[in-house]
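These are the residues of each chain, in order.
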Amino acid sequence: IRPGSFKRKGKRDVSGYPVIIWLFGMFVVFRAQAFGYKVGESLPGLLGSADQAGLPVESLSEDPLRDQAVAQITGLLFAQVAGGVMMFLLGAKSDKDGLRIRASDLPVGLAAIILSVPVLVVAIQGAAWAYEQYTGSAPDPVAHESLRTIVDNQHDPAAWAIMLAVVIGVPIVEELMFRAFLQSALLRLFGSAWSAIFVTSIVFVAMHVPWGTGETPTVAWQALPTLFVLSVAMGVAFERT
């Protein structure tokens with residue numbers, strides 16, 4: 001990340017498509033997830049109706065947590081399929097746009113995570129210290145609504161399904177939207193890797209800001225600095241590799 005590293009490495013070639021096409025890739029993933037979530041929400045009712053009609057389908061019992069897990073996983077699956085198709089289509093024109101998946105990506109990704117951990121730890125501790133100085137109390141270590149659901153329902157299989165979705169599925173979908181497509185659109189627009197990374201990270205954090213007035217925000221305020229640092233780290237890793 002030292003000055004000039006992107007110039008020496010050479011930036012990704014995203015010139016094959018205009019900005020609107022890259023943004024369209026993000027839109028497709030976003031809408032596919034929303035559509036899949038709605039499909040997942042409707043499954044219990046559809047199976048119940050089929051069961052009542054005498055079809056060989058067993059109705060799902062009423063379980064809000066299980067229904068949430070089904071809807072979330074279904075939405076993520078739809079989004080991942082849509083994102084994979086868009087990556088294949090947009091990556092077909094050039095092998096320098098960063099959308100090709102290679103066998104070496106796994107060890108390189110693990111190395112990038114290891115390099116990022118010290119910076120993330122500093123961000124986490126710094127945000128916790130600032131929160132405590134401002135409020136006079138220690139922050140809740142569980143700073144995300146989905147994590148709270150998992151912690152409060154540790155012995156429920158549905159909570160474990162949600163955990164797998166949050167740990168594996170959600171990051172894949174978010175990286176497809178923000179890194180593969182939005183960051184590529186901004187790189188095409190600005191021509192600067194750092195500008196693309198920082199603006200993408202600002203948008204990424206804004207999508208997690210607890211704008212509502214509910215008692216349980218999706219993401220606590222003190223977690224936002226860590227999300228920004230994490231987003232920058234992933235943005236740098238994407239552009240460099």
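Position numbers for residues start from 1 in each chain and track the written sequence from start to end. Thresholds applied to this predicted model are a pLDDT of at least 70 for local features of residues and 80 or more for the giving and counting of side-chain atom pairs; totals over whole chains, interfaces and linings are not thresholded and use all residues. Hydrogens and water are ignored here; the side-chain numbers use all heavy atoms of the structure.

1. Focus: the nonpolar core
General note: in soluble globular proteins, nonpolar side chains tend to be found buried as a group. Residue types Ala, Val, Leu, Ile, Met, Phe, Trp, Tyr and Cys, when buried and joined through side-chain atoms within 4.5 Å, form a set referred to as a nonpolar core. For each residue, the accessible area found with a 1.4 Å probe, counting protein chains only, is set against the maximum for its type, and the residue is called buried under 20%, exposed over 50%, and partly exposed in between. With 39 residues, the main nonpolar core has W22, L90, L99 and F181 as its most contacted residues. For this core, the elements supplying multiple residues, two or more each, are α2 (19-52), α3 (64-91), α6 (157-190), α7 (193-206) and α8 (224-240). To qualify as a helix, a DSSP run of H or I must reach at least 4 residues; to qualify as a strand, a run of E must reach at least 2; elements of each kind are numbered from the N terminus. Ranked by residues supplied to this core, first place goes to α6 with 12 residues. We call two residues in contact when some of their heavy atoms are within 4.5 Å. Those residues in contact with L90 that sit more than four places away from it in its chain are Y17, I21, W22, D97, L99 and F181.

2. Side note on the pattern of salt bridges
As a working rule, side chains carrying opposite charge can pair if their charged atoms are close by. A pairing counts as a salt bridge when a side-chain nitrogen of Lys or Arg comes within 4 Å of a carboxyl oxygen of Asp or Glu. Evaluation of the coordinates by the stated rule reveals 6 salt bridges. The closest approach of N and O atoms between D140 and R148, which form a salt bridge, is 2.9 Å. Linked by salt bridges that have partners in common, D140, R148 and D152 make up one network.

3. Notes on the packing of aromatic side chains
What counts as a ring pair is set by centres within 6.5 Å for rings of Phe, Tyr and Trp (its six-membered ring), and what kind of pair is set by the plane angle: stacked under 30 degrees, edge-to-face over 60, tilted for all other angles. Summed over all chains, the structure comprises 7 aromatic pairs. Note on F6 and W194: the rings are 5.1 Å apart at their centroids and 70° apart in plane angle, and the pair reads as edge-to-face. Taken together, the residues F6 in helix α1 (residues 5-9) and W194 in helix α7 connect sequence positions 188 residues apart. Between Y17 and W22, the ring centres sit 5.9 Å apart and the planes meet at 90°, which makes this aromatic pair edge-to-face. The class for Y17 is buried, based on a relative accessible area of 15%. An aromatic cluster of three or more residues is present, and its members are F6, W194, F198 and F228. Here the basic side chain of K93 rests over the ring of Y17, its NZ or CZ set 4.5 Å away from the ring centre. Charges are assigned to positions over rings by a cutoff of 6 Å between ring centre and Lys NZ or Arg CZ, combined with an angular limit of 35 degrees from the ring normal. Sitting above the plane of the F204 ring, R179 keeps its charged end 5.4 Å from the centroid.

4. Overview of empty space enclosed by the protein
Computed over the protein atoms alone on a 1 Å grid, cavities are sets of points where a 1.4 Å probe fits but cannot get out and pockets are open sets with protein on both sides within 12 Å along at least five of seven lines; a residue lines them when it has an atom within 4 Å of a point. Grid points are joined across faces, edges and corners, and a volume is the space filled by probe spheres set on the points. Taken as a whole and assessed by the stated rule, the structure comprises 1 cavity of 30 Å³ or more. Within this model, the largest cavity holds a volume of roughly 50 Å³. For the largest cavity, the full set of lining residues is D13, V14, G16, Y17, W22, L90, K93, S94 and D97. Side-chain classes are defined by residue name, with Ala, Val, Leu, Ile, Met, Phe, Trp, Tyr, Cys and Pro counting as nonpolar, Asp, Glu, Lys and Arg as charged, and the others, Gly among them, as polar. For the lining of the largest cavity, the per-class residue count stands at 4 nonpolar, 2 polar and 3 charged.

5. Examining the confidence of the model for the chain
Values of pLDDT, which run from 0 to 100, indicate the predictor's confidence residue by residue. Residues of the chain with pLDDT of at least 70 account for 90%, and the chain-wide mean is 88. Mean pLDDT in the chain bottoms out at α1, which sits at 81, and peaks at α7, which reaches 95.

6. Observations concerning a positive patch on the surface
The residues that make up patches have over 30% relative accessible area and no salt bridge, and they are joined within 9 Å when like-charged or within 5 Å when they are Val, Leu, Ile, Met, Phe, Trp or Tyr. Residue burial considers only the protein chains on display, and all accessible areas are found by Shrake-Rupley using a 1.4 Å probe. Counted charges follow a simple rule, with Lys and Arg positive, Asp and Glu negative, and His plus the chain ends left uncounted. The atoms used to mark charge sites are NZ of Lys, CZ of Arg, CG of Asp and CD of Glu. On the surface, R2, R8, K9 and R240 cluster together to form a positively charged patch. By secondary structure assignment, the location of R8 is in helix α1.

7. Quick notes on a nonpolar patch on the surface
Taken together, the side chains of F30, L189, F190, V199, V203 and M207 make up a nonpolar region of the molecular surface, amounting to roughly 520 Å² of accessible area. Listing elements by their share of the nonpolar patch, those giving two or more residues are α6 and α7. Examined against the element boundaries, F190 turns out to sit in helix α6. Here F190 falls in the partly exposed class, since its relative accessible area comes to 42%.

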